[in-house]
Amino acid sequence: MVKQVTAKSEDFSTWYNEIIRKTELADYSPMKGMMVIRPHGYALWENIQRLLDDRIKATGHVNAYFPLFIPESFLQKEAEHVQGFSPEVAWVTIGGKEELEEKLAVRPTSEAIIGYMYAKWIKSWRDLPVLINQWANIVRWEKVTRPFLRTTEFLWQEGHTCHETAEEGEAETLKILSMYKEFCETELAIPVLSGRKSLREKFAGAQMTYAIEALMSDGKALQMGTSHNLGQHFSKAFDIKFEDRSQTLQYVWQTSWGMTTRTIGALVMVHGDDSGLRLPPRIAPVQAVLIPIALGDWKTSVLPVAREVERELKERGVRIKLDDREEYTPGWKFSEYEMRGVPLRIEIGPRDVKAGTAVVVRRDTRAKESVALASLKDRVTVLLDEIQKGLFEQALRFREDNTRDASNYQEFKSIMENERGFIRAVWCGNEACEDKIKEETQATIRVLPLEPESAETAGVCVCCGEPGGTPAFFAKAY
RNA sequence: CGGGACGUGGCGCAGCCUGGUAGCGCACAUGCUUGGGGUGCAUGGGGUCGGCGGUUCGAAUCCGCCCGUCCCGACCA
């Protein structure tokens, strides 16, 4: 029997939940909102970590690790920060059997504890910039949770930097933003819009938040990463001062930025189809699965050939898996690896051995071809590249087809109601309009593009009709 | 946190209305068979019916409370 999955078009949420569990990316744990990332899902995370970590280090950052707990008083130092996070902080009040003198927050983010340490470490302009990143888990007591998209505990990377000048801080913030964008598009094959957040949507305690946003295939937007220019908000709160080049004491300029396990949810929602996952080759834990067709004397005729192919592809750097289990039929394996999203399937059977060929099937297009064993290595490499590109292009086309201009509010409401997706429209900059739009259409400002040309709509505010606004991308968001 | 739905072997469900010895499909185990799109047959193991309490001679079934999951809203990566 076929392991059926609810059709994506029929019930997106159910489809998403079923994919997560049937592909063994994650499973529910006994605690509300807490999931277990299973080996298949964690392997994806490890690939994301590795590829992102390379980029973080290539831009001069180093990794460190700060404590899981943050004293209550630290968290309270930056007023907006406390207020923003207080509804979702988990507290430790007892250690062993002793009541603690001061409650400890389980970090919802690490600005506070890191700020405290930076104040100890930074004395002079010669200590700057400080470019530190940490890979960590954090806890936010969420009311509504969904696997990967919003869980009580999640994994992420958080960068925390200090700079001499406001300009350097801003430059760092933007550098990371474009690094995130490049990472998503190159490795995850997910096109993103990047830009500034409205003040309403910005990080609690930041001066300015920038973000990248992707469009899921149900027409809702998902934030894929954020980069904050913290200005001097935290350095003033934590007294992070340095003596500048003219021997004057100054507060440092800071940034923080993060990307989370949520990106795995995005991979599912952007690329998945009714048969399961479709993983971009660059982050797929297994890039090609090799299935020997067990017929007749296959163990002596087919299997040795398959093993040789496996060896050659491994040597080529392809993450290949030979599945020679006898208890499953080839047909069963085909479906299983499709469900798990393995980009390429290679079949070798008696007919192929005789002809000196292999059958290669793409997961993204399901295109099937026969390839001579001699040229298999090259062909596989080419196909993996094409799949990576194809998935990105398909996602990009989807986003373009689902990005619409709205020149007036009627149009805006009708698009949100009928089509969803991104709406490109002018916003006057007034929070009243932002709130009204959110209340009436559920759409929020996802980003205010940095380059005006990426949103050519000029004119009056889509909501109030006042002139002199800025272009914005709106969407319903996860 | 508000509105709605659901909770029965690992998964999907029936049984509940009208209380009386817990069932089906898939999965799992063993054997044979089969193998180029989820092979077929046979045999077998596995469930304090989400939890606690109440009603009753007797509760998966009726009542109350709690917990969890999903969907739709308010808050967030």
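Look up: the structure comes first, before these words.
Here's what I pulled together on the structure shown here.

The rules behind these values
Residues numbered from 1 in each chain as written. Chains lettered and ligands numbered in written order. Predicted model: local features only at pLDDT ≥ 70, side-chain atom pairs only at ≥ 80, totals over all residues. Heavy atoms only, no water. Helix = DSSP H or I, 4+ residues; strand = E, 2+ residues; numbered from the N terminus. Polar contact = N/O pair within 3.5 Å; in protein donor to acceptor, adjacent residues only side chain to side chain. Contact = heavy atoms within 4.5 Å. Phe/Tyr/Trp six-rings, centres within 6.5 Å; stacked < 30°, edge-to-face > 60°. Buried < 20%, exposed > 50% of the residue type's maximum accessible area, 1.4 Å probe, protein only. Lys NZ or Arg CZ within 6 Å of the ring centre and 35° of its normal. Salt bridge = Lys/Arg side-chain N within 4 Å of Asp/Glu carboxyl O. Core = buried A, V, L, I, M, F, W, Y, C linked by side-chain atoms within 4.5 Å.

As for the side chain of Ser 110
The topology assignment puts Ser 110 in the loop between strand S6 (98–106) and helix H5 (111–121). Within the structure, the side chain of Ser 110 is placed 3.1 Å from the side chain of Gln 134, a separation counted as a polar contact. Polar side-chain contacts of Ser 110 include one of 2.6 Å to the side chain of Glu 158. Ignoring anything within four residues of it in the chain, the contact list for Ser 110 reads Ile 70, Gln 134, Glu 158 and His 160.

Points about the packing of aromatic side chains
Tallied over the full model, the rule gives 13 aromatic pairs. Here the aromatic rings of Phe 66 and Trp 121 are separated by 6.0 Å at their centres, their planes lie at 40 degrees, and the arrangement is tilted. Taken as a pair, Phe 66 in the loop between strand S3 (62–63) and strand S4 (69–71) and Trp 121 in helix H5 lie far apart in primary sequence, 55 residues in all. Its relative accessible area of 4% is what places Phe 66 among the buried residues. Residues Tyr 409 and Phe 412 carry aromatic rings whose centres are separated by 6.2 Å and whose planes lie at 35 degrees to one another, so their mutual orientation is tilted. With Tyr 409 and Phe 412 both in helix H13 (residues 409–418), this residue pair falls three residues apart, about one helical turn. Here the basic side chain of Lys 77 rests over the ring of Phe 74, its NZ or CZ set 5.7 Å away from the ring centre. Directly above the aromatic system of Trp 91 lies the positively charged group of Lys 103, at a separation of 4.4 Å from the ring centroid.

Some points on the pattern of salt bridges
Enumeration according to the criterion identifies 36 salt bridges in this entry. A salt bridge links Glu 72 to Lys 103, with the nearest nitrogen and oxygen atoms 3.8 Å apart. Placement of the pair is Glu 72 in helix H3 (residues 72–75) and Lys 103 in strand S6, with a sequence separation of 31 residues. Under the relative-accessibility criterion, Lys 103 is labelled partly exposed at 31%. Notably, a salt bridge pairs Lys 314 with Glu 310, separated by 3.5 Å at the nearest N-O pair.

Description of the nonpolar core
One finds Phe 148, Leu 188, Ile 190 and Met 224 to be the most contacted residues of the largest nonpolar core, which totals 51 residues. For this core, the secondary-structure elements that each account for two or more residues are helix H1 (12–22), strand S2 (35–37), helix H2 (39–58), helix H6 (166–186), strand S10 (208–215), strand S11 (221–231), strand S14 (253–260) and helix H8 (262–271). With residues near it in sequence (within four places) discarded, Met 224 still touches Cys 184, Leu 188, Ile 190, Val 192, Ile 212, Ala 214, Met 259, Thr 263 and Ala 266.

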